[in-house]
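Each chain, written out:
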Amino acid sequence: MNPFEEKAKDIAKIYKNWKSINVKPYDKETVDPYTRVRIILMNGTEFEAIWNTVRFTRHCGNNDVRRDMAMIRRGEQQQQKRIACLKPRNESMLEHTIGYEQLAVDLTAILAKREKNNYVKKQLDFALLEDFDHLYRYANLLDLEKGIHAEKLVGSYTEIMPGRPTVAEARAPQDDVRFYINNYLNDPMTRLNIGIITAAEQQTMNYYLNIANLYESEQGRKLYAEIAMIEEEHVTGYGCLSDPAVDIFECMLMHEYTECYLYWSCYQDETDARIKDIWLMHFEEELAHLNFATKMLEKYSGKVWQQLFPEGGEFPELLKFTEQKEYVREILKSVRLTGRAEDFEIVDELPDNFRFFSYNRGVQGNIKSLVSHAVIEKAIRKFGRDYRREDKEHPIRGLNDRKTDNADIGRIKGV
């Protein structure tokens with residue numbers, strides 16, 4: 001599939017009425033976990049596309065360009081609203097959060113496994129273990145407060161157990177900044193991976209930032225706020241990978257290409273016939289956006305799409321959600337890594353006076369008072385052990401004891 005060669009509709013003729021936008025939600029009791037994951041992914045992808053043109057509009061003095069951006073953005077807005085309507089009202093904030101973290105874990109693993117650029121892969125693997133731990137913390141909160149086991153929501157696809165402990169994830173901001181990747185020297189898959197994961201993590205960060213103060217319990221409010229801070233670290237790390245030399249029209253074209261790629265992937269992967277039709281409709285709308293963005297690139301930058309896709313624009317391997325349990329277990333071996341400037345370092349090998357230690361202590365204070373640790377301790381006291389969904393014992397000694405929350409690994413030297 002090459003979206004540049006597909007026939008596209010006139011962008012002015014793709015807008016829909018509200019009846020088309022206010023679609024019937026999925027049934028939370030019967031929905032496939034990966035259908036929920038795809039919906040969350042595409043909600044974040046649309047948010048990124050919308051705000052990409054909003055940011056450009058604020059820094060652009062040409063109203064012809066602004067009008068063209070508004071044409072694309074209105075379509076993205078309608079798509080985002082339709083996707084958002086798929087979430088049912090009776091799916092609680094915390095249940096929906098389990099879907100967010102399942103997406104973060106399995107999507108990151110899929111992208112990392114296919115990534116050819118070792119530096120980008122290292123960033124993916126690094127953040128993967130932190131999202132894996134967030135899934136575990138939220139799952140224990142769900143068990144404590146609602147009596148619901150998260151395995152009901154993730155199915156058999158994703159294990160739930162500790163990753164890099166959330167208390168070990170608080171790093172000095174300087175240590176989440178990465179080198180950028182040159183667009184023209186890297187495989188198109190790398191560009192896709194960076195754009196996809198940045199949008200997904202940004203959506204997660206925004207979701208937690210906006211709902212933290214709306215959660216019904218105090219420990220839930222604190223957990224969302226604590227994890228939202230870590231999600232910002234991820235957004236910084238992934239966002240730094242993008243090439244800053246790309247102009248606004250190249251960037252817009254890449255966004256539209258990414259959306260075409262993802263909607264086509266969702267359409268091919270989806271098991272729900274009704275939602276599959278939505279993915280196809282959005283793909284056809286995105287072809288119109290891509291065609292329009294191609295004309296903007298030619299008109300305002302004097303470039304053609306082939307300069308961005310010299311290999312021809314054919315979609316690479318499509319994104320297909322499958323379980324990633326063994327890959328995650330393998331990556332857990334790097335649980336003791338932390339950030340060090342543009343790279344990563346095992347905590348044991350850092351100088352004693354390195355900023356990670358002072359920042360982590362200064363921001364977090366008494367670890368026992370932090371809710372990401374306290375929620376596990378409460379679960380252990382109430383049930384005799386934490387909540388997990390494991391196929392077999394945790395592969396890391398120090399994280400396999402279900403009656404103790406190890407808050408030191410990855411944070412304290414020698415642990």
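Use the structure listed above.
What you see is a predicted model, and the numbers here were worked out from it, not measured in a lab. (Residues numbered from 1 in each chain as written. Predicted model: local features only at pLDDT ≥ 70, side-chain atom pairs only at ≥ 80, totals over all residues. Heavy atoms only, no water.)

A.B. asks: I keep staring at the overall build of the protein chain and nothing clicks. Help me out?
C.D. replies: Across its full length, the protein chain holds 14 helices and two strands. Here the C-alpha radius of gyration of the protein chain, 22 Å, is about what a compact globule of 415 residues would show, namely 22 Å. Seen through its C-alpha atoms, the protein chain measures out along the principal axes to roughly 60 × 45 × 35 Å. Counting over 415 residues, the protein chain shows a buried share of 58%. A separation of at least 24 residues holds for 84% of the contacts in the protein chain among residues at least 6 apart in sequence. Roughly 17,300 Å² of accessible area belongs to the protein chain as shown, and the carbon and sulfur atoms make up 50% of that amount. Computed over 59 positive and 68 negative side-chain charges, the inter-centroid distance for the protein chain is 4 Å. (Helix = DSSP H or I, 4+ residues; strand = E, 2+ residues; numbered from the N terminus. Rg over C-alpha atoms; globule rule 2.2 N^0.38 Å. Buried < 20%, exposed > 50% of the residue type's maximum accessible area, 1.4 Å probe, protein only. Contact = heavy atoms within 4.5 Å. Areas by Shrake-Rupley, 256 points an atom, 1.4 Å probe, with all protein chains shown as cover. Lys, Arg positive; Asp, Glu negative; His and termini not counted. Charge placed at Lys NZ, Arg CZ, Asp CG, Glu CD.)

A.B. asks: Would you take a moment to explain the side chain of Asn117 for this structure?
C.D. replies: Mapped onto the elements of the fold, Asn117 is located in the loop between α4 (93–114) and α5 (118–146). There is a polar contact of 3.1 Å between the side chain of Asn117 and the backbone nitrogen of Val120. (Polar contact = N/O pair within 3.5 Å; in protein donor to acceptor, adjacent residues only side chain to side chain.)

A.B. asks: Just checking my understanding: could you explain the nonpolar core for this structure?
C.D. replies: Where a protein is soluble and globular, its nonpolar side chains tend to be buried together. Core analysis: the largest hydrophobic core is formed by 108 residues, its most contacted members being Leu41, Ile98, Leu107, Leu253, Trp279, Leu319 and Phe321. Sort the elements by how many residues they give to this core and α5 lands first, with 14 residues. What Leu107 contacts, discounting residues up to four positions off in sequence, is Leu41, Gln102, Ile196, Ile197, Ala200, Leu319 and Phe321. (Core = buried A, V, L, I, M, F, W, Y, C linked by side-chain atoms within 4.5 Å.)

A.B. asks: Teacher, can you tell me more about the packing of helix α3 (residues 63–85) against helix α10 (residues 273–301) here?
C.D. replies: Helix packing for two helices is described by the angle between their axes and how far apart those axes are. It is at 11 Å that the axes of α3 and α10 come closest, and there the two elements cross at 165°. Compared by their axis directions, α3 and α10 come out roughly antiparallel. The element α3 and its partner α10 pack so that their crossing is left-handed. Seen from α3, the contacting residues are Asp64, Val65, Asp68, Met69, Met71, Ile72, Gly75, Glu76, Gln79, Arg82 and Ile83; seen from α10, they are Ile278, Trp279, Met281, His282, Glu285, Glu286, His289, Phe292, Ala293, Met296 and Tyr300. (Axes fitted to C-alpha atoms, helices over the stretch in contact; angles between N-to-C directions. Parallel < 35°, antiparallel > 145°, perpendicular 65-115°, else oblique. Left-handed = near helix turned anticlockwise from the far one by under 90°.)

A.B. asks: Can you walk me through the environment of Leu290 in this structure?
C.D. replies: Tracing the backbone through its elements, the reader meets Leu290 in helix α10. The buried category is assigned to Leu290, whose relative accessible area is 1%. Measuring from C-alpha to C-alpha, the distance between Leu290 and Val335 comes to 40 Å, with 45 residues separating the pair along the chain. Those residues in contact with Leu290 that sit more than four places away from it in its chain are Pro3, Phe4, Leu253, Glu256, Tyr257 and Cys260.

A.B. asks: Is there a simple way to think about the packing of aromatic side chains in this case?
C.D. replies: Within a pair of aromatic rings, the relevant descriptors are the distance that separates the centres and the angle that separates the planes. As enumerated under the stated definition, the model contains 23 aromatic pairs in all. Judged by centre distance (6.3 Å) and plane angle (50°), the ring pair of Tyr100 and Tyr208 falls under tilted. Residue Tyr100 is located in helix α4, and its partner Tyr208 is located in helix α7 (residues 188–211); the two are separated by 108 residues in the primary sequence. Overall, Tyr100 belongs to the buried group, its relative accessible area being 2%. Site record: aromatic cluster; members linked through ring pairs are Phe4, Tyr257, Tyr261, Trp305, Phe309 and Phe315. Between Lys276 and the ring centre of Tyr267, over which it is positioned, the NZ or CZ distance is 4.5 Å. Here Arg340 stacks its cationic end above the ring of Phe354, 5.3 Å away from the centre of that ring. (Phe/Tyr/Trp six-rings, centres within 6.5 Å; stacked < 30°, edge-to-face > 60°. Lys NZ or Arg CZ within 6 Å of the ring centre and 35° of its normal.)

A.B. asks: What is the right way to read unusual backbone geometry from this model?
C.D. replies: Generally, phi is negative for residues other than glycine and the peptide bonds are trans, each holding for most cases. Residues other than glycine seldom take positive phi values, yet Ala341 does so here, at roughly 55°. Tracing the backbone shows Ala341 in the loop between β1 (337–340) and β2 (343–346).

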